[in-house]
Amino acid sequence: MPETKAPSTLRSAGALRNLIIIGAGHNGLVTAYYLAKAGFKPLVLERREIAGGACVTEEFYPGFRCSTLATSTGPLLPQIVRDLQLERHGMEFIKPAVRVFSPDANGRSLCLFEDPKRTADELGRLSAGDAKSYPDFIKTFARIGRALAPLLAMTPPNIDKPAKSELWNLGKLGWGIRGLGRKDEYRLLRYGPMAVADLAAEWFETESLRATVAARGIFGAFAGPWSAGTSAGLLLQAATDGHAIAPAAFLKGGMGALTQALAKAAIEAGAEIRTNAEVASVSVRDGKATGVVLTNGEEIPAWTTVSNADPGVTFLDLLAYGELEPGFLAKIRNYRAHGTVAKVHLALSALPKFTGLDDEDAFERLSGRIHIGPDIDYLERAFDAAKYGDFSPRPYLDITIPTLTDPSLAPVGAHVMSIHAQFAPYKLKDGDWNSRREELGDAVVNVLCDYAPNLKESIVARQVITPLDLEKTYGLSGGHIHHGEMSLDQLFAFRPLIGWAQYRAPIKGLYLCGAGTHPGGGVTGAPGMNASHEIIKDVKRSPR
Ligand SMILES: Cc1cc2nc3c(=O)[nH]c(=O)nc-3n(C[C@H](O)[C@H](O)[C@H](O)COP(=O)(O)OP(=O)(O)OC[C@H]3O[C@@H](n4cnc5c(N)ncnc54)[C@H](O)[C@@H]3O)c2cc1C
């Protein structure tokens, strides 16, 4: 798709240029870039002291930095990387040879490499059947992913009255799916609603491989591997990346380097970014958004207001009660966003030694993601705890050691371990997150010591980020990492609500551009890009 050009109506109409974007997450910055290119003068208002939202690199202990929340890109849509010339703005990708290393507590492990042939050789040690199935699994999801990929850059159709262009886009998508052939078409239809534990069992017999594959379906979700619909996570991943298993797509300097590059591209295109600028409310007059008021009382008028904040913040916190129709309000209150993720960062004086892993292999095998969750039952039990209002004493962990591929993040010889821990529900039945924070940190470290027994000796410092911190510090309602559950009932034309999936809010002049819109969470930039297209379309239709 060519880069967005400014419609002449927009370029000539100075009054239209006044546009506010609430939030400088990666999607807000992508939106700012495309709208600036289209002739607007976007003002991005970010409540925190730094831009980036969930894509930031922060120092958590003197000399030790890491990607505080997201650790890997989704990956980003290639079109965005090209349009914004992110590499020219300083972004440097790191792509380790390993996607995921998955150890068990007995010193056995499996490693999924980027190269499927190398993975098949590795799996051959465990199961000849799995070694044979794996390349087929990879190719199948690559094919299905290619057919689904156009979905990401598409605005979901108006369900009641689809426009001709929407029908055309759906037709093209359907044509691509038809092109898959009957076998893959059936697979696609079956997989979406399936429990990911069933899908993994259909393909593989090795329990640890099943669990490693299933993990993608439950990452960030309030769901266990036996929950219906969790296979959809693998399909979405394949659409984004051509691969069903989570990528290890890192950046030099951490995820903050991405949002810094996005910010530079947006500023160069004409946007302005203000940090420490928290929006208290969106002003509405006669059913139209007219600007915002900051928490310091400053009023900023705007022709258009775009919210990168999640649907909870946008509709329940920033709009005055009564601005939204009661039916809409009731539905948005039922939008599910119960966070279940915590993060633990460890500053380490040395690289921990994983049982059964040779020192010479360690650097390579630990350089992608490390999956802790040796079997499907383990993952399901970890979810059980959250169902009943507690965090798991044996959580499923998704770990990165970014200093293996980017030593600049810690002092020489030292390392950082960044641990994504599930399940840790936002709402605890007993106690609260402030009093139970360190208990969670202990549980995570204790589990890890089963795999890397010398870990405790090398811990210099520890940071625990609870779901409550995700809400309070990073502005994520309910501590949900994706701005709301990525389940089938909250995806595509249902995100955030059916009838409101086209980035427009029920208030005229107010739009959404964040992960609470299609295609949802993950560092892809797609919601931000799609939202900008809709805003530009509206201006072309009715320039004022
Ligand atoms: C712990 C965690 C781990 C994750 N891991 C991964 C991963 O490895 N890979 C991956 O692809 N995705 C991951 N994700 C998901 C991914 O990071 C998010 O889906 C994505 O970054 C959301 O981007 P966004 O721009 O839509 O929103 P955000 O990044 O949430 O940005 C929204 C911005 O709006 C600001 N804001 C909110 N309210 C206001 C207000 N009132 N005034 C002004 N500003 C406001 C916020 O401060 C924030 O900067 C993870 C997320 C989390 C939290």
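Residues numbered from 1 in each chain as written. Predicted model: local features only at pLDDT ≥ 70, side-chain atom pairs only at ≥ 80, totals over all residues. Heavy atoms only, no water.

Caption draft 1: Fine view of the overall build of the protein chain. Within the protein chain, the secondary structure is distributed over 18 helices and 19 strands. For 544 residues, the compact-globule estimate of 2.2 N^0.38 gives 24 Å, and the protein chain sits close to it at 23 Å. Taken over the C-alpha atoms alone, the protein chain extends approximately 70 × 55 × 45 Å along its principal axes. Expressed as a percentage of the 544 residues in the protein chain, the buried residues total 62%. For the protein chain, the proportion of contacts with a sequence separation of at least 24, taken over those separated by at least 6, is 73%. Working note: accessible area of the protein chain is about 21400 Å², and carbon and sulfur atoms make up 53% of it. For the protein chain, the distance from the average site of its 59 positive side-chain charges to the average site of its 59 negative ones is 8 Å. (Helix = DSSP H or I, 4+ residues; strand = E, 2+ residues; numbered from the N terminus. Rg over C-alpha atoms; globule rule 2.2 N^0.38 Å. Buried < 20%, exposed > 50% of the residue type's maximum accessible area, 1.4 Å probe, protein only. Contact = heavy atoms within 4.5 Å. Areas by Shrake-Rupley, 256 points an atom, 1.4 Å probe, with all protein chains shown as cover. Lys, Arg positive; Asp, Glu negative; His and termini not counted. Charge placed at Lys NZ, Arg CZ, Asp CG, Glu CD.)

Caption draft 2: The arrangement of the nonpolar core in detail. The biggest cluster of nonpolar side chains holds 128 residues, and the ones touching the most others in it are F137, F141, F354 and M417. Setting aside chain neighbours within four positions, we find F354 in contact with F101, P103, L366, I370, M417, L448, Y451 and A452. (Core = buried A, V, L, I, M, F, W, Y, C linked by side-chain atoms within 4.5 Å.)

Caption draft 3: Layout of the pattern of salt bridges. On inspection of all chains with the given rule, the structure shows 32 salt bridges. With its nearest N and O atoms 2.9 Å apart, the salt bridge here joins D184 to R187. Here R187 and D184 lie together in helix α7 (residues 182–191), a separation of 3 residues that amounts to about one turn. Across the pair, exposure class does not vary: D184 and R187 are buried alike. Beyond isolated ion pairs, a larger network of salt bridges with shared partners links R504, E534, K537, D538 and R541. (Salt bridge = Lys/Arg side-chain N within 4 Å of Asp/Glu carboxyl O.)

Caption draft 4: Up close: the sheet that holds strand β2 (residues 41–45). Read across the sheet, 5 strands follow the order β9-β2-β1-β13-β19 without closing on themselves; strand pairing throughout is parallel. Since the sheet does not close on itself, it has two edges, and those belong to β9 (272–274) and β19 (510–512), each with one partner. Strand-to-strand twist across the sheet, computed as the mean angle between neighbouring axes with direction ignored, equals 20°. (Pairing = 2+ DSSP bridges. Axes fitted to C-alpha atoms, helices over the stretch in contact; angles between N-to-C directions.)

Caption draft 5: Region of interest: the environment of C66. By the element assignment, C66 lies in strand β4 (residues 64–67). The class for C66 is buried, based on a relative accessible area of 1%. When the C-alpha positions of C66 and I300 are compared, they lie 35 Å apart, and in sequence the two are 234 residues distant. Apart from residues no more than four positions distant in its own chain, C66 is found in contact with V56, T57, E58, F60, H345, P402 and V416.

Caption draft 6: Focus on the sheet that holds strand β10 (residues 279–285). Reading across the sheet, the 3 strands line up as β10-β11-β12 and stay open at both edges, with antiparallel pairing between neighbours. A strand with exactly one partner marks an edge of an open sheet, and here the two such strands are β10 and β12 (299–301). Neighbour-to-neighbour, the strand axes of the sheet open up by a mean angle of 30°, direction not taken into account. The pairing of β10 with strand β11 (residues 288–294) spans 6 bridges and is antiparallel.

Caption draft 7: How the structure looks around the pairing of β2. The buried fraction of β2 is high, at 4 of 5 residues. The sheet contact formed by strand β1 (residues 18–22) and β2 spans 5 bridges and is parallel. Residue pairing across strands places I22 opposite L45, the latter belonging to β2. With respect to chirality, the unit in which β1 leads through helix α2 (residues 26–37) into the neighbouring parallel β2 is right-handed. Both β2 and β9 contribute to a ladder of 3 bridges, which runs parallel. (Right-handed = clockwise from strand over helix to strand, strands pointing away.)

Caption draft 8: Quick look at helix α9 (residues 207–218). Here α9 is 12 residues long and its end C-alpha atoms lie 17 Å apart, about the 16 Å a rise of 1.5 Å per residue gives. The buried fraction of α9 amounts to 10 of the 12 residues, a majority that puts the element mostly inside the structure. Inspection of α9 places S208, L209, A211, T212, V213, A214, A215, R216, G217 and I218 among the buried residues, and these make up the whole buried set. The positive-phi residue at the C-terminal boundary of α9 is G220, with phi of around 80°. (Expected span 1.5 Å × (residues − 1).)

Caption draft 9: Fine view of a nonpolar patch on the surface. Taken together, the side chains of I159, F494 and I498 make up a nonpolar region of the molecular surface, amounting to roughly 270 Å² of accessible area. With respect to the element layout, I159 can be found in the loop between α5 (128–148) and α6 (164–178). (Patch = residues over 30% accessible without salt bridge, like charges linked within 9 Å, V, L, I, M, F, W, Y side chains within 5 Å.)

Caption draft 10: Here's a closer look at the confidence of the model for the protein chain. Residues at a pLDDT of 70 or more form 97% of the protein chain, whose mean pLDDT is 95. Note on residues 1–15: pLDDT under 50 across the span, and 25 contacts to partners over four residues away in sequence or across chains. (pLDDT = per-residue confidence, 0-100.)

Caption draft 11: Region of the structure containing unusual backbone geometry. Of the consecutive residues G74 and P75, the connecting peptide bond is found in the cis state with omega at 0°. Note on placement: P75 falls in the loop between β4 and α3 (78–83). Backbone torsion omega between R495 and P496 reads 0°, so that peptide bond is classified as cis. Turning to its location among the elements, P496 is positioned in the loop between α17 (467–472) and β19.

Caption draft 12: The packing of aromatic side chains, seen in detail. Applying the stated rule across the entire model yields 17 aromatic pairs. A ring pair is formed by F40 and W303, whose centres lie 6.1 Å apart and whose planes are at 35°; its orientation type is tilted. Of this pair, F40 sits in the loop between α2 and β2 while W303 sits in the loop between β12 and β13 (304–307); the two residues are 263 residues apart in sequence, bridging distant segments of the chain. Among the residues examined, F40 registers a relative accessible area of 2% and is labelled buried. (Phe/Tyr/Trp six-rings, centres within 6.5 Å; stacked < 30°, edge-to-face > 60°.)

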